[in-house]
Amino acid sequence: MPYTRFIVTADLTEKTEDGYIEHEMAWKHRVSETRRTWSFPASTSIGEIMAKVDSGTYDSEQLVRVTITEDRSSHEPAPGQRAVA
């Protein structure tokens, strides 16, 4: 019996202040991109997955894209590699 799970990848951007430009009287910002990955059992609802993704991001980060992929294997993951949900 195949073991099915969802692999969730979130693309995030983080905007931080990087100094003040005096002649323009404006703050300069640095934008960095981050990617995070989670694994959930296939029985997890999309609402639960999105709640976990949202709670796993910082206030300074903006969620850009979420990709959910179904993954099947013939074996369950090792005990240390179990799904997070």
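Above this text you will find the structure in question.
Definitions and cut-offs
Residues numbered from 1 in each chain as written. Predicted model: local features only at pLDDT ≥ 70, side-chain atom pairs only at ≥ 80, totals over all residues. Heavy atoms only, no water. Helix = DSSP H or I, 4+ residues; strand = E, 2+ residues; numbered from the N terminus. Buried < 20%, exposed > 50% of the residue type's maximum accessible area, 1.4 Å probe, protein only. Contact = heavy atoms within 4.5 Å. Areas by Shrake-Rupley, 256 points an atom, 1.4 Å probe, with all protein chains shown as cover. Salt bridge = Lys/Arg side-chain N within 4 Å of Asp/Glu carboxyl O. Phe/Tyr/Trp six-rings, centres within 6.5 Å; stacked < 30°, edge-to-face > 60°. Pairing = 2+ DSSP bridges. Axes fitted to C-alpha atoms, helices over the stretch in contact; angles between N-to-C directions.

Draft legend 1. Local environment of the overall build of the chain. Of regular secondary structure, the chain possesses one helix and three strands. Secondary structure elements of the chain, listed N to C terminal, follow the sequence β-β-α-β. Looking at the chain as a whole, 19% of its 85 residues qualify as buried. For the chain, contacts bridging at least 24 residues in sequence account for 69% of all contacts bridging at least 6. Of the roughly 6,400 Å² that the chain leaves accessible, carbon and sulfur atoms contribute 48%.

Draft legend 2. Looking closely at the pattern of salt bridges. The tally for this structure, following the rule as stated, stands at six salt bridges. For the salt bridge of D71 with R5, the shortest nitrogen-to-oxygen distance reads 3.0 Å. Here D71, found in strand β3 (residues 61–73), pairs with R5, found in strand β1 (residues 3–21); they are 66 residues apart in sequence, far enough to count as distant. Residue R72 is joined to E70 by a salt bridge in which the shortest nitrogen-to-oxygen separation is 3.4 Å. We classify E70 as partly exposed; its relative accessible area is 45%. In this structure, a network of salt bridges that share partners links the residues D11, R35 and R65.

Draft legend 3. A look at the packing of aromatic side chains. The tally for this structure, following the rule as stated, stands at one aromatic pair. For the ring pair Y20 and W27, a centre distance of 5.2 Å and an interplane angle of 65° mean the geometry is edge-to-face.

Draft legend 4. View of the sheet that holds β3. A sheet is described by the order of its strands in space; here three strands give the open sequence β2-β1-β3, paired in antiparallel fashion. The open sheet is flanked by β2 (26–41) and β3, the only strands paired with a single partner. When strand polarity is set aside, the average angle formed by the axes of neighbouring strands in this sheet is 15°. Relative to β3, helix α1 (residues 46–55) is tilted by about 130°, and along the sheet it contacts β1, β2 and β3.

So, to be careful, I would describe these as geometric facts and stop short of saying anything about function.
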